[in-house]
Amino acid sequence: MVLAIAGYAALAGCATPMNPPRATVLVPAAPILPPPPIHANGQVLWSIVNGKCVPDQQANAKPDPCAEIAIASGVDKGYAVLKDRVGVSQYLVMPTRLITGIEDPRLLAPGATNYFDAAWRVRGLVDQRLGTTLTRDDVGIAVNSIYGRSQDLLHLHVDCLRIDVRDELHHQLAAVGRRWSAPITLGGQRYYALRIQGNDRVPIDPFRALASGLRVPPAEMGAWTLVLAGATFKDGPGFVLLAARADPAGGYDGSGEDIQDHQCAGRGAAK
């Protein structure tokens with residue numbers, strides 16, 4: 001992942017917590033994981049957020065080089081928005097406290113910020129970059145596994161879904177229920193899928209939905225990737241939460257970001 005230092009503003013806020021759904025499928029025993037990789041220069045994002053954006057916001061009310069810092073409820077609950085240099089319209093949403101990634105137990109602590117809820121509203125910035133209003137079905141938010149990332153600060157990628165993945169998901173929506181489903185194939189990768197009802201808010205925390213719903217042990221959270229995709233169901237708007245486990249020995253590093261399109265091909269200014 002390549003970093004950026006420019007962007008626009010996002011709105012603050014946290015979703016109303018709900019109990020995460022339980023699984024209706026049994027997750028099979030997974031291959032033994034290798035030791036987590038050492039990420040060379042893995043503190044670059046943290047040095048930007050903690051060393052530049054937060055101090056500049058506190059001193060000057062201008063969070064350069066970040067787009068915006070939402071710290072009205074305190075740095076421990078806040079988040080930053082940063083335009084990534086990769087792609088036309090990709091934004092990153094990151095905590096303003098040091099949370100290393102999906103494996104960090106603080107994501108599951110009582111009262112933890114729902115970063116996916118904040119990230120969903122950043123889709124408006126994607127629209128601004130593209131000069132068009134995307135349908136909700138075109139937008140995805142991805143968190144990579146510890147094997148599929150380069151930075152040791154949690155960062156959510158907000159950008160377009162690949163068109164083929166969007167269309168594949170649309171054709172399989174009927175198989176996605178309010179409890180975790182058996183895996184579906186999207187972009188050549190198998191994902192467990194969960195339907196979430198909602199429009200402008202993400203009413204459950206996806207990290208908790210993964211840990212509780214698929215009964216992922218704390219020591220294995222880092223092996224998983226999550227993607228929250230906007231969806232339109234027959235009875236209203238919502239989301240599909242996708243989850244997959246990395247298998248480094250088998251050639252899959254757990255990068256849900258792979259089903260995003262950072263060029264947003266065929267949409268807006270990227271046409």
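Keep in mind the model is a prediction, meaning the values are calculated, not measured. Sequence order sets the numbering: in each chain, residues are counted from 1 along the sequence as written. The predicted nature of this model means local features are confined to residues of pLDDT at least 70 and side-chain atom pairs, given and counted, to a pLDDT of 80 or more, with totals for whole chains, interfaces and linings taken over all residues. Hydrogens and water molecules were not included; the side-chain quantities draw on all heavy atoms of the structure.

1. So, the nonpolar core
What tends to happen in soluble globular proteins is that the nonpolar side chains get buried as a cluster. Here the nonpolar core consists of buried residues drawn from Ala, Val, Leu, Ile, Met, Phe, Trp, Tyr and Cys, with membership extended through side-chain atoms lying within 4.5 Å. Only protein chains enter the area calculation, which uses a 1.4 Å probe; residues under 20% of their type maximum are buried, those over 50% are exposed, and those in between are partly exposed. The biggest cluster of nonpolar side chains holds 50 residues, and the ones touching the most others in it are Leu156, Leu210 and Trp224. When residues in this core are grouped by element, the largest group, five residues, is from helix H2 (residues 115-121). A contact between two residues is defined here by any heavy atoms of the two lying within 4.5 Å. If sequence neighbours within four positions are ignored, Leu156 has contacts with Tyr91, Leu92, Val93, Tyr115, Phe116, Ala119, Ile141, Ala142 and Val143. With 19 residues, the next largest nonpolar core counts Leu161, Leu173, Phe233 and Tyr252 among its residues. Put simply, DSSP H or I for four residues or longer makes a helix, DSSP E for two residues or longer makes a strand, and each gets a number counted from the N terminus.

2. Things to note about the pattern of salt bridges
Where side chains of opposite charge bring their charged atoms close, a pairing between them can arise. Just to be clear on terms, a salt bridge is a Lys or Arg side-chain nitrogen sitting within 4 Å of an Asp or Glu carboxyl oxygen. As enumerated under the stated definition, the model contains 14 salt bridges in all. A salt bridge links Glu220 to Arg245; the shortest N-O distance between them is 3.5 Å. Taken together, the positions of Glu220 in the loop between helix H5 (206-213) and strand E8 (224-233) and Arg245 in strand E9 (residues 236-245) put the pair 25 residues apart, joining distant regions of the chain. Here Glu220 falls in the partly exposed class, since its relative accessible area comes to 28%.

3. Comments concerning the confidence of the model for the chain
For every residue, the predictor assigns a confidence score, pLDDT, that lies between 0 and 100. Here the chain averages 90 in pLDDT, and 88% of its residues register 70 or above. Predicted confidence for residues 1-16 stays below pLDDT 50, and this span has 66 contacts to residues more than four positions away or in other chains.

4. Describing the side chain of His39
Relative to the helices and strands, His39 is located in the segment before helix H1 (44-60). In protein, a polar contact means a hydrogen-donor-capable atom and an acceptor-capable atom, both N or O and within 3.5 Å, with residues adjacent in sequence counting only if both atoms are side-chain atoms; elsewhere, any N or O pair within 3.5 Å suffices. A polar atom in the side chain of His39 sits 2.7 Å from the side chain of Asp152. The contact partners of His39, leaving out residues within four places of it in the chain, are Ile146, Arg149, Ser150 and Asp152.

5. What about empty space enclosed by the protein?
Taking a probe equal in size to a water molecule and rolling it over the atoms shows the remaining empty space. Think of a 1 Å grid over just the protein atoms. A cavity is a set of points where a 1.4 Å probe fits yet cannot get out, a pocket is an open set with protein on both sides within 12 Å along at least five of seven lines, and lining residues have an atom within 4 Å of a point. Grid points are joined across faces, edges and corners, and a volume is the space filled by probe spheres set on the points. In this structure the tally under the stated criterion is one cavity of 30 Å³ or more. Of the voids in this model, the largest cavity is the one considered here, and its volume is about 50 Å³. In this structure, the largest cavity is lined by Thr100, Gly101, Ile102, Val143, Asn144, Arg149, Leu153, Leu154 and His155. Of the residues that constitute the lining of the largest cavity, the class distribution is four nonpolar, four polar and one charged. For this scheme, ten residues count as nonpolar: Ala, Val, Leu, Ile, Met, Phe, Trp, Tyr, Cys and Pro. Four count as charged, namely Asp, Glu, Lys and Arg, and the remainder, Gly too, count as polar.

6. Re the environment of Thr113
Here Thr113 shows up in the loop between strand E3 (91-95) and H2. Overall, the relative accessible area of 6% leaves Thr113 in the buried class. When the C-alpha atoms of Thr113 and Pro95 are compared, they prove to be 8.6 Å apart, with 18 residues separating the residues in sequence. Of the polar contacts made by the side chain of Thr113, one reaches the backbone oxygen of Lys77; its length is 2.9 Å.

7. Remarks on H5
For an α-helix, 3.6 residues make a turn, and residues three or four places apart therefore share a direction. With six of eight residues buried, H5 is to be regarded as a mostly interior element. Of the surrounding elements, those touching the buried residues of H5 are H2, strand E4 (139-143), strand E7 (189-197), E8 and E9. If you check the start of H5, you find a side-chain oxygen 2.9 Å away from the backbone N of Phe207, and it comes from Asp205. Looking one or two residues past H5, Arg215 carries a phi angle of roughly 50°, positive in sign.

8. As for the pairing of E7
Here a strand pair is declared whenever DSSP counts at least two bridges between the two strands. Direction of pairing for strand E6 (residues 184-186) relative to E7: antiparallel, over a ladder of three bridges. What sits directly across from Thr185, in E7, is Arg190. Following E6, the chain reverses through two residues before pairing antiparallel with E7; Gly187 in that reversal takes a positive phi of roughly 60°. Looking at chain direction, E7 and E9 are connected through six bridges and run antiparallel. In the strand pairing of E9, Tyr192 is matched with Ala243.

9. Some thoughts on the packing of aromatic side chains
The rule is short: rings of Phe, Tyr and Trp, with Trp giving its six-membered ring, pair when the centres are within 6.5 Å, and they are stacked under 30 degrees, edge-to-face over 60, tilted in between. Taken as a whole and assessed by the stated rule, the structure comprises three aromatic pairs. Between the aromatic rings of Trp120 and Phe239, the centroid separation amounts to 4.9 Å while the plane-to-plane angle is 85°, which identifies the pairing as edge-to-face. Taken together, the positions of Trp120 in helix H2 and Phe239 in strand E9 put the pair 119 residues apart, joining distant regions of the chain. Considered together, Trp120 and Phe239 belong to a single accessibility category, that of buried residues. Criterion for a charge above a ring: Lys NZ or Arg CZ within 6 Å of the ring centre, and within 35 degrees of the ring normal. Over the aromatic face of Phe239 sits the side chain of Arg136, whose NZ or CZ is 4.9 Å from the ring centroid.

10. So, unusual backbone geometry
The omega torsion across Asp64 and Pro65 is 5°, close enough to zero to call that bond cis. Relative to the helices and strands, Pro65 is located in the loop between H1 and strand E1 (68-70). Notably, Arg215 is not glycine yet its phi reads approximately 50°, a positive angle. You can see Arg215 is positioned in the loop between H5 and E8. Arg215 gets classed as exposed once you look at its relative accessible area, which sits at 54%.

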